[in-house]
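# Structural overview
As a plain string of letters, each chain reads:
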Amino acid sequence: MTPDSAPAASDRPDSSDASTGLEWAARRGMGALAEKMGMQFLEFSVDRCVATLPVEGNTQPVGLMHGGAYVVLGESLGSMAANLHAGPDRLAVGVDINATHTRSATSGTVTGVCTPVHLGRSITVHEIVVTDDQGRRCSTIRITNMIRDLAQR
């Protein structure tokens, strides 16, 4: 196996089976911050992950969706997707993230759709597009994760 080849398909849930991915995400948990913010996973596979976040409770003092909330949604989706890709006995950790906010949601729910740009053995790159209830793009996030082997105990 070359350093940038992907883990064997048998090491992870079927990438076409979103229900298996959702079960994996539910077992793993989304983390305390994502739970406090009200994040909900709707779809979860190696090829596509979708989650929502309510605007209410995640705003700046002036009532606009906080830019950091978009980034939390993006990082949660991208990191979880990278870990699903990594497979058992491996851990994906974020090494770079950036976001461009192009619109501000003021009510309702935003939806993040995460798709892979690159899925390698040691590095993954994902793009997360966040839209409002009207389908208008609010933020575009890119995250790079490094995949490491977990230490054997």
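Residues numbered from 1 in each chain as written. Predicted model: local features only at pLDDT ≥ 70, side-chain atom pairs only at ≥ 80, totals over all residues. Heavy atoms only, no water.

## What to know about the overall build of the protein
The helix and strand inventory of the protein stands at 3 helices and 6 strands. Along the protein, from the amino end to the carboxyl end, the secondary structure elements read α-α-β-β-α-β-β-β-β. In the protein, the proportion of contacts linking residues at least 24 apart, taken out of those at least 6 apart, comes to 64%. Carbon and sulfur atoms provide 50% of the accessible area of the protein, an area that totals close to 7,800 Å². (Helix = DSSP H or I, 4+ residues; strand = E, 2+ residues; numbered from the N terminus. Contact = heavy atoms within 4.5 Å. Areas by Shrake-Rupley, 256 points an atom, 1.4 Å probe, with all protein chains shown as cover.)

## Thoughts on unusual backbone geometry
A positive phi angle, near 65°, is found at Asp89, a position not held by glycine. Mapped onto the elements of the fold, Asp89 is located in the loop between helix H3 (67-86) and strand E3 (90-101). Classification of Asp89 as exposed rests on a relative accessible area of 52%. (Buried < 20%, exposed > 50% of the residue type's maximum accessible area, 1.4 Å probe, protein only.)

## Remarks on the side chain of Asn145
You can see Asn145 is positioned in strand E6 (residues 137-149). Asn145 gets classed as buried once you look at its relative accessible area, which sits at 0%. Among the polar contacts made by the side chain of Asn145, one reaches the main-chain amide nitrogen of Gly94 at a distance of 2.9 Å. Those residues in contact with Asn145 that lie beyond four places of it in its chain are Gly78, Ser79, Ala82, Ala92, Val93, Gly94, Val95, Ser122, Ile123 and Thr124. (Polar contact = N/O pair within 3.5 Å; in protein donor to acceptor, adjacent residues only side chain to side chain.)

## Examining the sheet that holds strand E2 (residues 49-54)
Spatially, 6 strands are ordered E1-E2-E4-E5-E6-E3 in an open sheet, and the strand pairing comes out antiparallel. Each end of this open sheet is capped by a strand with a single partner; those strands are strand E1 (40-44) and E3. Going across the sheet, the axis of each strand differs from the next one's by a mean of 20°, ignoring polarity. Against the sheet, H3 touches E1, E2, E3, strand E4 (109-119), strand E5 (123-131) and E6, its axis set at about 35° to E6. (Pairing = 2+ DSSP bridges. Axes fitted to C-alpha atoms, helices over the stretch in contact; angles between N-to-C directions.)

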